[in-house]
Amino acid sequence: MYRKICRALSLALTVCLMLSSGLPSAFAGRDLSDIIDLNDYPSSISSGLLCDRAIARGNEAFEEGDYETARGYYVFALRKIDKSATYCEGDVCNNLVLTLLYLGENRTAYDLCRYMLEENLAPGREDRYGYMMNMLACAHALGLSAAGELEHAREEGYFSFEDLADLADDQPRAFTGLLTGLVYNVLYIDMEGSEDDGAASWAYFPDDLFEDADLEDVRAKLSSGGVGREEYLEYIYEFLLEANLWFNLTYSADDPDIMEMILYVEALRDEAAA
């Protein structure tokens, strides 16, 4: 059984990039306390603890697998985030999202990740795409379709594959990994869903993004409905091959997660054909 979860962007352990993303806030002024109780941290945490030190302790606990402790420090840090000399609110929220996923608090993680995107908390473009990657991981944990998340992101204007693909063309080493990681997450979620329930996400990719993949017949059938399981897996397989090619051309190596998933989809295709 294939058990690798969606990719999630790693902890923000370094200074944030401090670039302007230039996106409007969809729900300016939304209260973070509506999503998570900012008083929910252990009484053992001293009220005089500095924000940056709390974040550092949270990061240490996370790396040690002590997610409850990490959660407490991150929540405490959010209360004092305006006094941080190094981190921004998005950094801490991002770390907290990953912690909540490990704790199985999937709905809160999802709501917090949506808040991060809608409130435009990302300090830079790379961070924003990383938040979207985490959003897909949260959606997968709740059994939500990638297509639904991509549609909402497009409607709200905080993510599109067109924008990311353009950046990957202009700055491949900076953005190709994010592009292939997001494609991986979308296809992973699609693979576990059914094309009949709206799981197929091909319409959210730029028209020319997979022009070298042999998908015309399958994509045409996806448009009109009625694609069988074997053909649907072929659609995912071809996308994965193309995504790995971009990664290889940029970094001179295969993407290990994508290669592992390719092998699994090959096995599923053989099973469907039997």
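Thresholds applied
- Residues numbered from 1 in each chain as written.
- Predicted model: local features only at pLDDT ≥ 70, side-chain atom pairs only at ≥ 80, totals over all residues.
- Heavy atoms only, no water.
- Axes fitted to C-alpha atoms, helices over the stretch in contact; angles between N-to-C directions.
- Helix = DSSP H or I, 4+ residues; strand = E, 2+ residues; numbered from the N terminus.
- Parallel < 35°, antiparallel > 145°, perpendicular 65-115°, else oblique.
- Left-handed = near helix turned anticlockwise from the far one by under 90°.
- Contact = heavy atoms within 4.5 Å.
- Nonpolar A, V, L, I, M, F, W, Y, C, P; charged D, E, K, R; others polar.
- Salt bridge = Lys/Arg side-chain N within 4 Å of Asp/Glu carboxyl O.
- Buried < 20%, exposed > 50% of the residue type's maximum accessible area, 1.4 Å probe, protein only.
- Expected span 1.5 Å × (residues − 1).
- Core = buried A, V, L, I, M, F, W, Y, C linked by side-chain atoms within 4.5 Å.
- Domains from an automatic or database assignment.
- Patch = residues over 30% accessible without salt bridge, like charges linked within 9 Å, V, L, I, M, F, W, Y side chains within 5 Å.
- Areas by Shrake-Rupley, 256 points an atom, 1.4 Å probe, with all protein chains shown as cover.
- Lys, Arg positive; Asp, Glu negative; His and termini not counted.
- Charge placed at Lys NZ, Arg CZ, Asp CG, Glu CD.

Right, let's get into the packing of helix 5 (residues 125-141) against helix 8 (residues 172-192). Contact pair helix 5 / helix 8: the axes reach a minimum separation of 10 Å and the direction vectors enclose 15°. One finds that helix 5 runs roughly parallel with respect to helix 8. Crossing of helix 5 over helix 8 shows left-handed handedness. From helix 5, Arg125, Glu126, Tyr129, Gly130, Met132, Met133, Leu136, Ala137 and His140 reach across to helix 8, where they touch Phe175, Leu178, Gly181, Leu182, Asn185, Val186, Tyr188, Ile189 and Glu192. When the residues that make up the contact of helix 5 with helix 8 are grouped by side-chain class, the tally is 11 nonpolar, four polar and three charged.

To continue, consider the pattern of salt bridges. Tallied over the full model, the rule gives eight salt bridges. A salt bridge links Arg107 to Asp111; the nearest nitrogen and oxygen atoms lie 3.6 Å apart. Here the residue Arg107 and the residue Asp111 both occupy positions in helix 4 (residues 106-118), the gap between them amounting to four residues, near one helical turn. Its relative accessible area of 45% is what places Arg107 among the partly exposed residues. Judged by relative accessible area, which is 26%, Asp111 ranks as partly exposed. In this structure, the salt-bridge partner of Glu234 is Arg269, at a minimum N-O distance of 2.5 Å. Separated by 35 residues along the polypeptide, Glu234 in helix 10 (residues 229-251) and Arg269 in helix 11 (residues 256-273) bring together distant segments of the chain.

With that settled, the discussion passes to helix 4. With 13 residues, helix 4 should cover 18 Å at 1.5 Å per step; its first-to-last C-alpha distance of 18 Å lies within 8% of that length. By the criterion of burial, helix 4 is predominantly enclosed, with 10 of the 13 residues buried. Within the span of helix 4, buried status applies to Asn106, Ala109, Tyr110, Leu112, Cys113, Arg114, Tyr115, Met116, Leu117 and Glu118. Next to the buried residues of helix 4 lie helix 3 (89-102), helix 5 and helix 6 (146-156). Once helix 4 ends, the next one or two residues include Asn120, with phi positive near 55°.

Below, the discussion takes up the environment of Ala139. Position of Ala139 relative to the elements: it lies in helix 5. C-alpha of Ala139 to C-alpha of Glu149: the two residues are 10 residues apart in sequence and 7.5 Å apart in space. Excluding anything up to four places from it in sequence, Ala139 contacts Tyr110, Leu144 and Glu149.

This part covers the nonpolar core. By size, the foremost hydrophobic cluster in this structure holds 91 residues, and its most contacted members are Leu112, Phe159 and Tyr235. It is helix 8 that provides the largest number of residues to this core, a total of 11 residues. Structurally, this core is a two-domain feature, drawing no fewer than three residues from each of domain 1 (26-120) and domain 2 (128-274). Once residues within four sequence positions are removed from consideration, Leu112 is found in contact with Leu32, Ile35, Cys93, Leu96, Val97 and Leu100.

Turning our attention to the environment of Ser201. Inspection of the secondary structure puts Ser201 in the loop between helix 8 and helix 9 (216-224). In this structure the C-alpha to C-alpha distance between Ser201 and Val183, which are 18 residues apart in sequence, comes to 9.8 Å. The residues contacting Ser201, other than those within four sequence positions of it, are Ala146, Ala147, Leu150, Val186, Asp190 and Tyr235.

Glancing now at a negative patch on the surface. The grouping of Glu162, Asp163, Asp166, Asp169, Asp170, Asp207, Asp208, Glu211 and Asp212 at the surface amounts to a negative patch. Turning to its location among the elements, Asp169 is positioned in helix 7 (residues 161-170). By relative accessible area, Asp169 is classed as exposed at 63%.

This part takes up the packing of helix 7 against helix 8. Viewed as axis vectors pointing N to C, helix 7 and helix 8 meet at an angle of 145°, and their least axial separation amounts to 7 Å. As helix 7 runs across helix 8, the sense of the crossing is left-handed. Side by side, helix 7 and helix 8 meet where Phe161, Leu164, Ala165, Leu167, Ala168, Asp169 and Asp170 of the first sit next to Pro172, Phe175, Thr176, Leu178, Leu179, Leu182, Val183 and Val186 of the second.

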